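Structural characterization, general
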Amino acid sequence: MRLALRELRRRPGRFAIATVILTLIAVLLMFLGGLLDGLVAASTGAFRAQQADLVVYSSASRDSLVRSRIEPDVRQRVEAVDGAAAVGGLDSVQLGGRLDGRDPRDLLSIALFGYELAPAGLPDTPPAVGRVYADDALRAEGVEEGTTIALGPARTEVEVVGFVSDTRFNGQGSLWGSAETWAQVVSANRPDVTLADGVVQALVVRAADGSSPAEVADRIDAATDGATSTLTIAEAIDALPGVSQQRSVFNQIIGVTAVIAIVVVALFFALLTVERTGLYGVLKAVGASSGTLFAGVVLQAVVVTLVASAIGVGASLVLDAVIPAGTIPFVATSSRLASSVVVLLVAAVVGCAFSLRRVLRVDPAAAIGGSA
Amino acid sequence: MTPADTDTATRTGSALELRAVRKVYEVGDDEVVALDHADLTVAGDEIVALVGPSGSGKTTLCSIAGGLLSATDGTVVVDGQDITGYSGRQLTDFRRSSVGFVFQSVNLVPFLTARENLLVVDEVGPRKGKVARERADQLLEELGLADRADNLPGQLSGGQKQRVAIGRALMNEPGLVLFDEPTSALDSHLGDQVVALIRDEMKARGTAAIIVTHDDRITHYADRTVHIEDGRISA
């Protein structure tokens with residue numbers, strides 16, 4: 001093992017090409033992961049922020065917040081379900097927003113939510129009519145506390161009274177107000193979406209302590225005779241348009257990148273092993289086992305990968321810091337960076353495995369001038 | 001049998017005893033006899049020059065004596081250990097603890113200093129740490145390389161490299177050291193110096209040596225010359 005580390009230290013040039021290629025792969029892997037996380041975060045924040053376990057849609061909506069309608073009698077049946085500790089309505093609409101001092105055609109993309117059961121970071125009692133909390137992402141657009149935003153073609157004004165973090169929806173900055181504020185804005189701008197009194201788009205439900213959310217979901221759908229489709233928050237996030245497709249596509253690209261990392265490590269260390277056949281023969285002749293020699297190869301691959309990963313992590317953090325908010329949906333999370341490092345390390349070890357047979361086949365007798 | 005079973009192994013007082021050793025290679029459908037009923041005994045502090053033309057079987061004999069190859073038939077006893085039936089793992093342990101090698105092309109690890117090249121023998125097995133470091137320094141001192149201990153092989157002359165290789169072969173205090181053409185890469189003057197050094201070092205330690213060579217001049221330094229041709233030994 002010391003031998004392997006000494007070679008790394010004293011002959012770094014030998015490992016430079018592998019380190020450079022693996023660094024590029026590490027940066028690519030972490031950038032792809034960061035993009036995926038950024039896209040998903042920008043699409044799902046409003047649901048992730050819910051301090052609830054379940055989302056109840058009307059069954060005809062096919063799990064779409066925009067299409068869903070929950071009538072008052074259905075809501076009453078949901079509220080009566082054993083294990084449903086708290087139930088609140090949730091409404092949303094997507095509108096253009098105008099700010100004073102900006103070109104009237106320079107619209108902000110806004111998702112306005114009306115809530116009853118407060119998501120994380122919002123007060124339990126929604127702000128007064130005409131007042132909203134804004135997602136942090138809108139700061140980059142010049143929105144500040146006290147800013148008035150004119151929503152929709154009717155330019156219905158709402159005043160920002162505070163901010164909330166990580167609640168974007170469908171890539172848009174969100175505003176959070178009372179159900180009355182939401183109804184007022186929708187009535188003025190999107191009459192087609194206007195709901196009758198007591199009707200909400202969806203319900204969010206907190207399961208009682210000790211209750212299984214999945215069982216409560218089944219009970220809700222049974223209590224409403226199938227008029228509802230109740231999903232856990234995670235299921236509701238997956239059902240959001242494009243989210244599972246984004247995950248699937250990015251995970252496939254990440255998978256291919258990991259395979260490329262395996263191939264790079266396999267080829268590089270296979271070549272290195274071929275080069276070292278004579279040296280390995282001598283070391284075996286003086287008593288090194290194949291296991292010791294292979295462990296040295298793995299150690300070198302792991303060290304090279306850790307160096308590449310460290311550079312990749314650094315580059316991701318720098319990217320995260322310098323990319324202006326609202327431009328590229330990139331976010332460097334510790335879990336994503338850690339999982340990328342693990343993927344690279346596994347790729348390194350798997351790649352090395354291709355050299356194992358070659359190490360095993362090195363004949364110590366070759367060190368002493370051949371076998372004849 | 002393991003090295004721990006040495007007590008039960010044949011104790012001959014010899015550094016090496018080969019009895020009716022055969023080595024047969026299968027090449028396609030044919031069999032090539034590299035060593036044919038070879039008998040050889042090397043005494044505890046004897047230096048034997050093994051001379052023969054290319055392909056005569058001297059390297060094979062050396063490889064079998066050093067546990068690099070297993071004999072097809074016959075008995076191989078090295079420094080009291082009967083290694084005839086050893087498994088690959090046992091032979092690895094045996095090579096690490098009981099024999100020394102000096103290879104034709106020296107084969108020092110190029111990125112290790114002279115001292116570290118000696119300590120390789122310690123690093124590839126159960127480590128002795130400080131004891132091994134002291135032994136390496138002592139050997140380098142005795143071989144006149146104390147001031148070169150921290151030099152890489154590329155910074156050493158041919159003779160100095162050969163001395164480092166000899167030091168490495170002596171690290172585990174072997175009963176038998178095998179030299180494979182130790183002068184082939186050296187000019188005649190340096191070759192003489194190296195062979196004289198080998199003789200002095202082996203005699204000073206009471207260690208047996210087999211020197212495989214084409215070079216007749218080496219035979220003058222050996223206690224005995226053994227000729228081998230077509231896998232057959234003749235004294």
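Residues numbered from 1 in each chain as written. Chains lettered and ligands numbered in written order. Predicted model: local features only at pLDDT ≥ 70, side-chain atom pairs only at ≥ 80, totals over all residues. Heavy atoms only, no water.

1. Here's the deal with helix H1 (residues 58–65) of chain B
Residues and elements named next belong to chain B. Which entries qualify depends on this criterion: Only protein chains enter the calculation, and the probe is 1.4 Å; a residue is then buried if its accessible area is under 20% of its type maximum, exposed if over 50%, and partly exposed in between. A run of H or I in DSSP counts as a helix once it spans at least four residues, and a run of E counts as a strand once it spans at least two, with each numbered from the N terminus.
Buried residues dominate H1, accounting for 8 of its 8 residues. Of all the residues in H1, the buried ones are Lys58, Thr59, Thr60, Leu61, Cys62, Ser63, Ile64 and Ala65. Glycine 67, located one to two residues past H1, shows a positive phi value of around 75°.

2. Some points on the pattern of salt bridges
The test is simple: Any Lys or Arg side-chain nitrogen located within 4 Å of an Asp or Glu carboxyl oxygen qualifies as a salt bridge.
On inspection of all chains with the given rule, the structure shows 34 salt bridges over all chains. Arginine 115 of chain B is the partner of aspartate 150 of chain B in a salt bridge, and the nearest nitrogen-oxygen pair spans 2.8 Å. Here arginine 115 of chain B lies in helix H3 (residues 114–123) and aspartate 150 of chain B lies in the loop between helix H4 (130–142) and helix H5 (158–170), a separation of 35 residues in the sequence. Looking at aspartate 150 of chain B, the relative accessible area reads 56%, which means it is exposed. Among the salt bridges present, the one from glutamate 134 of chain B reaches lysine 130 of chain B, with a minimum N-O distance of 3.9 Å. Taken as a pair, glutamate 134 of chain B and lysine 130 of chain B lie in helix H4 at a separation of 4 residues, close to a single helical turn. Since its relative accessible area comes to 47%, glutamate 134 of chain B is described here as partly exposed. Counted as one network, the salt bridges with shared partners bring together Arg6 and Arg10 of chain A together with Glu116 and Glu123 of chain B.

3. Some details on the sheet that holds strand S1 (residues 14–27) of chain B
All names here are of chain B. Short version of the rule: One bridge is not enough; two strands pair if DSSP finds at least two bridges between them. Here a residue-residue contact requires only that any non-hydrogen atoms of the pair lie within 4.5 Å. Working convention: axes come from line fits to C-alpha atoms, limited for helices to the stretch in contact. Angles between N-to-C directions cover 0 to 180 degrees.
Pairing is antiparallel across the open sheet formed by 4 strands, whose spatial order is S2-S1-S4-S5. The open sheet has two edge strands, strand S2 (30–43) and strand S5 (81–82), and neither has a second partner. As paired strands, S1 and strand S4 (residues 73–78) are joined by 5 bridges and run antiparallel to one another. Bridge pairing links leucine 16 to valine 78 in S4. Taken strand by strand, H1 contacts S1, S2 and S4, and its axis lies near 120° from that of S1.

4. Focus: a nonpolar patch on the surface
Residues and elements named next belong to chain A. The criterion, for reference: Like charges are joined within 9 Å and nonpolar side chains (Val, Leu, Ile, Met, Phe, Trp, Tyr) within 5 Å, but only among residues with over 30% relative accessible area and no salt bridge; these make up the patches. What sets the accessible areas is the Shrake-Rupley method with a 1.4 Å probe; for residues, cover comes only from the shown protein chains.
The grouping of Val342, Val346, Val350 and Phe354 at the surface amounts to a nonpolar patch, some 360 Å² of accessible area in total. Inspection of the secondary structure assignment puts phenylalanine 354 in helix H10 (residues 334–361). Phenylalanine 354 sits in the exposed class, given a relative accessible area of 57%.

5. Topic: the packing of helix H2 (residues 16–48) of chain A against helix H7 (residues 243–275) of chain A
Residues and elements named next belong to chain A. What counts here: An angle below 35 degrees is read as roughly parallel, one above 145 as roughly antiparallel, one from 65 to 115 as roughly perpendicular, and any other as oblique. When residues are grouped by polarity, Ala, Val, Leu, Ile, Met, Phe, Trp, Tyr, Cys and Pro land in nonpolar, Asp, Glu, Lys and Arg in charged, and all others, Gly among them, in polar.
One way to put it is that H2 packs onto H7 with a least axis distance of 10 Å and a crossing angle of 170°. Between H2 and H7, the interaxial angle falls into the category roughly antiparallel. When grouped by side-chain class, the residues that make up the contact of H2 with H7 number 21 nonpolar, 6 polar and 1 charged.

6. Comments concerning the packing of helix H8 (residues 277–285) of chain A against helix H9 (residues 290–322) of chain A
Residues and elements named next belong to chain A. To be explicit about the condition: In this scheme the crossing of two helices becomes right-handed for a clockwise turn of the near helix relative to the far one and left-handed for an anticlockwise turn of less than a right angle.
Following both chains from N to C, one finds H8 and H9 inclined at 140°, their axes separated by 10 Å at the closest point. As the angle between them shows, H8 and H9 are arranged oblique. Judged by the twist between their axes, the crossing of H8 over H9 is right-handed. Contacts from Tyr280, Leu283 and Lys284 of H8 reach H9 at Ser290, Leu293 and Val297. Residues belonging to the contact of H8 with H9 are distributed by class as follows: 4 nonpolar, 1 polar and 1 charged.

7. Quick look at the interface of chain A and chain B
Which entries qualify depends on this criterion: The term polar contact refers here to a pair of N or O atoms within 3.5 Å; inside protein, the definition further demands a hydrogen-donor-capable atom paired with an acceptor-capable atom, and it admits residues adjacent in sequence only when both atoms are side-chain atoms.
At the junction of the two partners, chain A supplies 25 residues and chain B supplies 26 residues. At the junction of chain A with chain B, the criterion picks out 3 salt bridges. Note that arginine 6 of chain A is salt-bridged to glutamate 116 of chain B, the shortest N-O span being 3.3 Å. Between chain A and chain B we count 7 residue pairs in polar contact (both at pLDDT 80 or more) in total. Elements with a minimum of two residues in the side of chain A that touches chain B: helix H1 (2–10) and H8 of chain A.

8. Some details on a negative patch on the surface
Using the following cut-off: All tallies of charge rest on Lys and Arg as positive and Asp and Glu as negative; His and the ends of each chain are not included. Taken as the charge centre is NZ of Lys, CZ of Arg, CG of Asp or CD of Glu, depending on the residue.
Where like charges cluster on the molecular surface, the negative patch consists of Glu26, Asp29, Asp30 and Glu31 of chain B. By the element assignment, glutamate 31 of chain B lies in strand S2.

9. What about the domain arrangement of chain A?
Residue and element names in this part refer to chain A. Quick reminder of the rule: Where each domain begins and ends follows an automated or database-derived domain assignment. Two parts placed together each lose some accessible area under a 1.4 Å probe, and adding up what both lose gives the buried area.
Taken as a whole, chain A is organised into domain 1 (2–44 + 243–369) and domain 2 (47–238). The C-alpha-based centres of domain 1 and domain 2 are spaced at 44 Å. Area buried by domain 1 at its contact with domain 2 is led by Ala42, Ser43 and Thr44, which between them contribute 57% of it. For arginine 247, the salt bridge is made with aspartate 238, and the minimal N-O distance between the two is 2.6 Å.

10. Notes on the environment of valine 286 of chain A
If you trace the backbone, valine 286 of chain A turns up in the loop between H8 and H9. Linking valine 286 of chain A and proline 364 of chain A, residues 78 residues apart in sequence, is a C-alpha distance of 8.7 Å. Beyond its immediate chain neighbours, meaning those up to four positions away, valine 286 of chain A contacts Arg95, Arg96, Val120, Val124 and Arg168 of chain B.

11. Focus: the packing of aromatic side chains
Residue and element names in this part refer to chain A. The criterion, for reference: By convention, a stacked pair of Phe, Tyr or Trp rings (six-membered ring in the case of Trp) has centres within 6.5 Å and planes under 30 degrees apart, an edge-to-face pair has planes over 60 apart, and any other such pair is tilted. Both a distance and an angle decide whether a charge sits over a ring: NZ of Lys or CZ of Arg must be within 6 Å of the ring centre and within 35 degrees of the ring normal.
Applying the stated rule across the entire model yields 9 aromatic pairs over all chains. Between the aromatic rings of phenylalanine 268 and phenylalanine 269, the centroid separation amounts to 5.1 Å while the plane-to-plane angle is 85°, which identifies the pairing as edge-to-face. Each of the two residues, phenylalanine 268 as well as phenylalanine 269, counts as buried. One aromatic cluster is present, built from ring pairs that chain together Phe47, Phe113, Tyr115, Phe169 and Trp176. Sitting above the plane of the phenylalanine 163 ring, arginine 139 keeps its charged end 3.9 Å from the centroid.

12. Structural notes on the pairing of strand S5 (residues 148–151) of chain A
Residues and elements named next belong to chain A. Here 3 bridges tie strand S2 (residues 84–99) to S5, and the two strands are oriented antiparallel to one another. By the bridge assignment for S5, glycine 97 is matched with leucine 151. Sheet topology places S5 next to strand S6 (residues 156–164); 4 bridges connect them, and they run antiparallel. Bridge pairing links leucine 151 to threonine 156 in S6. Once S5 ends, the chain turns through 4 residues before running back antiparallel as S6, passing glycine 152 with a positive phi of about 70°.

13. Considering the sheet that holds strand S9 (residues 224–229) of chain B
Residues and elements named next belong to chain B. The strand order S6-S7-S8-S3-S9-S10 describes an open sheet built from 6 strands, whose pairing is mixed. Every other strand in the sheet has two partners, leaving strand S6 (99–102) and strand S10 (232–234) as the edge strands with one partner each. Ignoring strand direction, the axes of neighbouring strands in this sheet form an average angle of 20°. Across 4 bridges, S6 lies against strand S7 (residues 176–180) in parallel orientation.

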